[in-house]
Amino acid sequence: MPSFLRHIAASRAMTCPAALAGALALLGVAGCAEPQRQGQPAFYRDLGSASARVDTEQARAMISAYRLNAGLGALTLDPALVEAAQREATVMAGSDKPAQADAVKARLAREGQAGAEANLSAGYRRLAEAFSGWRDSPQHDRVMKDAKAKRMGIATAYAPGSKYQVYWALIVAP
């Protein structure tokens, strides 16, 4: 490979795989094609912006698969729980601190969602990170694996000037 193409390929390979593929194609080198651009999986999408929203269906599928592996049933999305989760995430973002799960559970019970459980957290920028954090925390893992749970709602809120920036609320209920 000519030195100028090696330089281009080396300097751009980490940030632009298409540049490397293009340089190799110019030389007729086979076996290296530009990767397909199908978009980033929703669970890796950075939610650190005002317009970003967690993909609730992807979250439901991820948590349900985890539950199924533990011998529990899948969850369904409940619009009322999604709305409640959004409200909690927005309140946390506005106050710049995670809420207390017991206070949220009591509020949900007053609203007719008796038996609801909540995971409330902050600082995770991606669904995959939040899920891993919850799975690795016995207290949060218990919520995801609540045997009585049949429905769920999940939401995020972004606060750009806050310590944590992205706030999460997951609510599961019978």
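What counts and what doesn't
Residues numbered from 1 in each chain as written. Predicted model: local features only at pLDDT ≥ 70, side-chain atom pairs only at ≥ 80, totals over all residues. Heavy atoms only, no water. Helix = DSSP H or I, 4+ residues; strand = E, 2+ residues; numbered from the N terminus. Buried < 20%, exposed > 50% of the residue type's maximum accessible area, 1.4 Å probe, protein only. Polar contact = N/O pair within 3.5 Å; in protein donor to acceptor, adjacent residues only side chain to side chain. Axes fitted to C-alpha atoms, helices over the stretch in contact; angles between N-to-C directions. Parallel < 35°, antiparallel > 145°, perpendicular 65-115°, else oblique. Left-handed = near helix turned anticlockwise from the far one by under 90°. Contact = heavy atoms within 4.5 Å. Phe/Tyr/Trp six-rings, centres within 6.5 Å; stacked < 30°, edge-to-face > 60°. Pairing = 2+ DSSP bridges. pLDDT = per-residue confidence, 0-100.

Asks: I'm lost on the environment of R125 in this one. Help?
Replies: Assignment of secondary structure puts R125 in the loop between β2 (117-122) and α6 (127-136). Of the residues examined, R125 reaches a relative accessible area of 24% and is grouped as partly exposed. Along the chain, R125 and T156 lie 31 residues apart, while their C-alpha atoms are 9.5 Å from each other. A distance of 2.5 Å separates the side chain of R125 from the side chain of Q165, its partner in a polar contact.

Asks: What is the right way to look at the packing of helix α3 (residues 56-69) against α6 in this model?
Replies: The relative placement of two packed helices comes down to the angle between their axes together with the axis-to-axis distance. It is at 11 Å that the axes of α3 and α6 come closest, and there the two elements cross at 30°. Regarding the angle of α3 to α6, the classification is roughly parallel. Note that α3 runs across α6; the crossing there is right-handed. Mapping the contact onto sequence places Q58, A59, M62, I63 and Y66 in α3 and L127, F131 and R135 in α6.

Asks: Just to check I follow, could you spell out the packing of aromatic side chains for this structure?
Replies: Aromatic ring pairs: the centre-centre distance and the angle between the two ring planes describe each pair. Applying the stated rule across the entire model yields 3 aromatic pairs. Ring geometry for Y66 against F131: centres 5.2 Å apart, planes inclined by 90°, an arrangement best described as edge-to-face. Highlighted residues: Y66 in helix α3 and F131 in helix α6, separated in sequence by 65 residues. Using a relative accessible area of 16% as the deciding quantity, one classes Y66 as buried. Here Y164 and Y167 contribute two aromatic rings whose centre-to-centre distance is 6.1 Å and whose plane-to-plane angle is 85°, an arrangement assigned as edge-to-face. For Y164, a relative accessible area of 27% gives the class partly exposed.

Asks: Mind showing me how you'd approach the pairing of strand β3 (residues 151-158) here?
Replies: It is a general feature of regular strands that their side chains alternate between the two faces of the sheet. For β3, the buried fraction is high: 7 of the 8 residues fall into the buried class. Pairing geometry for strand β1 (residues 76-77) and β3, over 2 bridges, is parallel. Bridge pairing links L77 to M152 in β3. Two elements, β3 and strand β4 (residues 166-173), share 8 bridges in a ladder whose sense is antiparallel. Bridged to A157 within β4 is Y167.

Asks: Hey, could you run me through the confidence of the model for the protein chain in this one?
Replies: Note that predicted coordinates carrying low pLDDT should not be read in detail. Per-residue confidence for the protein chain averages 79 on the pLDDT scale, and 70% of its residues sit at or above 70. Across the protein chain, element-level confidence peaks in β1 with a mean pLDDT of 98 and bottoms out in helix α1 (residues 3-12) with 35. Segment residues 1-37: pLDDT under 50, and 20 contacts once partners within four positions in sequence are set aside and those in other chains are kept.

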